[in-house]
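These are the residues of each chain, in order.
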Amino acid sequence: MTTAQFIDAHVRLDVHPTHPSAVTAVLTGSQAHIPHVGLEAANWTVVAENTLVLARIDHEEPYRAEKAAQQLAADGVSVEITPRLREAMAEEWTWADYPMPWCTRSEIREVSDAAQKIYDDIRHGQLLIHAHAEDGHTTVAVGTYLGSGKSVYLHGENHLRQVADTFDSPAAALVAFEKVHGAAMRPGPAPMTDTERAAAQAGTSPPTAESGPPHPQPETVPAYAADAGDHDALLEAFLAAHGEWEKWRTWSDETTHAIHESQTLRIERVHEAHPRETAWTVAAYETPVSDRIWHVTATGATPAPVLQTLLHHLAEGDGWDTAVGGPVDEKTVTAATRPLTDAGWEHTVDGRWIRWTNLTGDAGVQFDAFAAQNANSTLATWTVWAGPNVNRATWAVQACPYTPAPLLASLAEDLAHATGTRTAPTASRRTTQPITTPPNLPQIPNQQSASRSQ
């Protein structure tokens, strides 16, 4: 049995001051270069002399930092972990609506670690991306590893990006990619996602507080561009003001349920949901034991004014008597979107989708006529959104066919006329793209299957 020798080096691990999940390491001691080399090899980024940052796109930095701390200690390095980082390490969280629900937590980490390696290979220039395209709600790309010459077809974004197919040459890969995505194909890599941008920013400068006024003054903006605020505080205030609602805590502290005294209206609040994942689900039932009549979901970045409108309607009971099984007709659509029509929002029809968007194109409402006629469909009939476009929304509220028209009209009214406040951000929030990647990755045709790399 061998005993690790003492190394004159001390590593202090702490959470990053401006990046929600990143971890910093500050090294001291005459032999600080030894843990420095080890951390660099583990993909920590040097941001200043003897200061490194671990910033990942899968938000698993505390977990990886804990593993690094164990290795450093085993090597004889003195390690200090701050209390707030220990708290983050002890936190057990998972991705809401994860597209591979059969995976265990460790298997999810394996999937996201593989996505992290792809991201790192691209970032370090080892994987050259030739072209990309939008494929539904996600991004696909084709590229070549410069060392091996193997070309790959990539599907998904952030922690869900995977290698869906491989090819023996860039030419074969590009031909196959163009055959499937020719119309949407664009040269080079796709623009960075919010998650990638935040990770890159955390790894390019020392982890010091950002300069600027200590207390930025909020500005008045349209409701759809307002801050999300404290969603948990909004729920607590709602429950405190409406005694007919009662809060129920589940076995997990990650979720809170609120139930109306009639037991026919229910709220599910996921506390640690990421900004673009479902954080709220509101459901209405005909009886306490029946199937739900309608439901609405809202993502974690939904602005506070929009959520307040939704909660207001739950308190007032407007439109609860929506007819069970009643189809969504032209009258319903007209009533729900009248505020947008009156405000002069652009009205377009694209196949089964009808859309209303503002003049700047960064907010709107989408109606899916196909989903409206399929009561059992998992597709959203209504999507209220803001962001670059409906498929890359910063936040979204989605509703089923029988959602009360007055509620939808009020949300539309918020988009068209309501205002809220926004404070200039002093830190990048942890964000993800909407999790819409299907469990089975699509394959693009490979005419050289006989010579495909294994």
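Conventions adopted
- Numbering of residues begins from 1 in every chain and follows the order in which that chain's sequence is written.
- In view of the model being predicted, local features appear only for residues whose pLDDT reaches at least 70, and side-chain atom pairs are presented and counted only at 80 or more, with totals across whole chains, interfaces and linings using the full set of residues.
- No hydrogens and no water enter the side-chain calculation; it runs on all heavy atoms of the structure.
- When DSSP finds at least two bridges between two strands, those strands are taken to pair.
- Starting at the N terminus, helices and strands are each numbered in turn, a helix being any DSSP run of H or I of at least four residues and a strand any DSSP run of E of at least two.
- Residue contacts are counted whenever heavy atoms from the two residues lie within 4.5 Å of one another.
- Between N-to-C directions, angles span 0 to 180 degrees; the directions come from axes that are lines fitted to C-alpha atoms, helices contributing only their stretch in contact.
- Stacked, tilted and edge-to-face are the three classes assigned to paired rings of Phe, Tyr and Trp, where Trp is represented by its six-membered ring and a pair needs centres within 6.5 Å; plane angles under 30 degrees give stacked, over 60 edge-to-face, the rest tilted.
- The cut-offs for exposure are 20% and 50% of the maximum accessible area for each residue type, with area from a 1.4 Å probe on protein chains only; residues under the lower value are buried, those over the upper are exposed, and the others partly exposed.
- Two thresholds decide whether a charge sits over a ring: the Lys NZ or Arg CZ must be within 6 Å of the ring centre and within 35 degrees of the ring normal.
- Scored from 0 to 100, pLDDT records how confident the predictor is in each individual residue.
- Each salt bridge in this description consists of a side-chain nitrogen of Lys or Arg and a carboxyl oxygen of Asp or Glu lying within 4 Å of one another.
- As used in this record, nonpolar core signifies buried Ala, Val, Leu, Ile, Met, Phe, Trp, Tyr and Cys residues forming a set joined through side-chain atoms within 4.5 Å.

1. Let's talk about the sheet that holds strand S6 (residues 127-135)
Okay, step 1: With antiparallel pairing, the five strands of this open sheet are ordered in space as S9-S8-S7-S6-S10. The two strands at the open ends of the sheet, each matched to only one other strand, are strand S9 (162-167) and strand S10 (186-187).
Okay, step 2: Pairing of strand S7 (residues 138-145) with strand S8 (residues 151-155), which is carried by five bridges, proceeds in the antiparallel orientation. The residue bridging Thr-144 from the neighbouring strand is Ser-151, located in S8.
Okay, step 3: Strand contacts of helix H4 (residues 105-123): S6, S7, S8 and S9, with the helix running at about 120 degrees to S6, the strand carrying the most contacts.
Okay, step 4: Helix-sheet contacts for helix H5 (residues 170-181) involve S6, S7, S8 and S9, and the interaxial angle to S6 is about 10 degrees.

2. Structural notes on the packing of aromatic side chains
Okay, step 1: Summed over all chains, the structure comprises three aromatic pairs.
Okay, step 2: Measuring from centroid to centroid gives 4.8 Å for Phe-367 and Trp-382, while their planes differ by 50 degrees, and the two rings are tilted. Here the residue Phe-367 occupies a position in strand S19 (residues 363-368), and Trp-382 occupies one in strand S20 (residues 382-386), the gap between them amounting to 15 residues.
Okay, step 3: Residue Phe-367 is classed as buried on the basis of its relative accessible area of 5%.
Okay, step 4: Judged by relative accessible area, Trp-382 falls into the buried class, the value being 1%.
Okay, step 5: Over the aromatic face of Tyr-63 sits the side chain of Arg-109, whose NZ or CZ is 3.7 Å from the ring centroid.
Okay, step 6: The ring of Tyr-285 carries the charged tip of Arg-266 above its face, separated from the ring centre by 4.2 Å.

3. Points about the confidence of the model for the chain
In low-pLDDT segments, the atomic positions of the prediction should not be examined closely.
Okay, step 1: For the chain, mean pLDDT is 83; residues scoring 70 or higher make up 86% of the total.
Okay, step 2: Every residue in residues 210-215 is under pLDDT 50, and counting partners more than four places away or in other chains gives four contacts.
Okay, step 3: Note that residues 425-454 has pLDDT below 50 and, in this model, 92 contacts with residues that lie over four places away or in other chains.

4. Describing the pattern of salt bridges
If charged atoms from side chains of opposite charge come close, those side chains can pair.
Okay, step 1: All chains considered together, the criterion is met by 19 salt bridges.
Okay, step 2: Across the pair Arg-12 and Asp-14 runs a salt bridge, and its minimum N-O distance is 3.6 Å.
Okay, step 3: Look at Arg-12 and you get partly exposed, because its relative accessible area is 36%.
Okay, step 4: On the basis of relative accessible area, Asp-14 is assigned to the buried category, the value being 9%.
Okay, step 5: Glu-80 is the partner of Arg-12 in a salt bridge, and the nearest nitrogen-oxygen pair spans 3.4 Å. Linking Arg-12 in strand S1 (residues 10-15) with Glu-80 in strand S5 (residues 78-81), this pair joins segments that are 68 residues apart in sequence.
Okay, step 6: A single network of salt bridges, built from pairs that share partners, joins Arg-56, Asp-58, Arg-64, Asp-113 and Lys-117.

5. Topic: the pairing of strand S15 (residues 278-285)
Okay, step 1: Of all eight residues in S15, seven are buried, a share of seventy percent or more.
Okay, step 2: As judged from the five bridges shared by strand S14 (residues 265-270) and S15, these two strands associate in the antiparallel manner. When the sheet's bridge partners are listed, Ile-267 is paired in S15 with Val-282.
Okay, step 3: Pairing geometry for S15 and strand S16 (residues 292-299), over seven bridges, is antiparallel. Residue pairing across strands places Trp-280 opposite Ala-298, the latter belonging to S16.

6. Some remarks on the nonpolar core
Okay, step 1: Counting 49 residues, the largest nonpolar core has Ile-267, Trp-294, Leu-314 and Trp-395 as the members making the most contacts within it.
Okay, step 2: For this core, the leading source of residues is helix H8 (residues 304-316), giving six residues.
Okay, step 3: Counting residues in each nonpolar core, the second largest holds 21 residues, with Leu-13, Val-15, Leu-27 and Leu-72 among its members.

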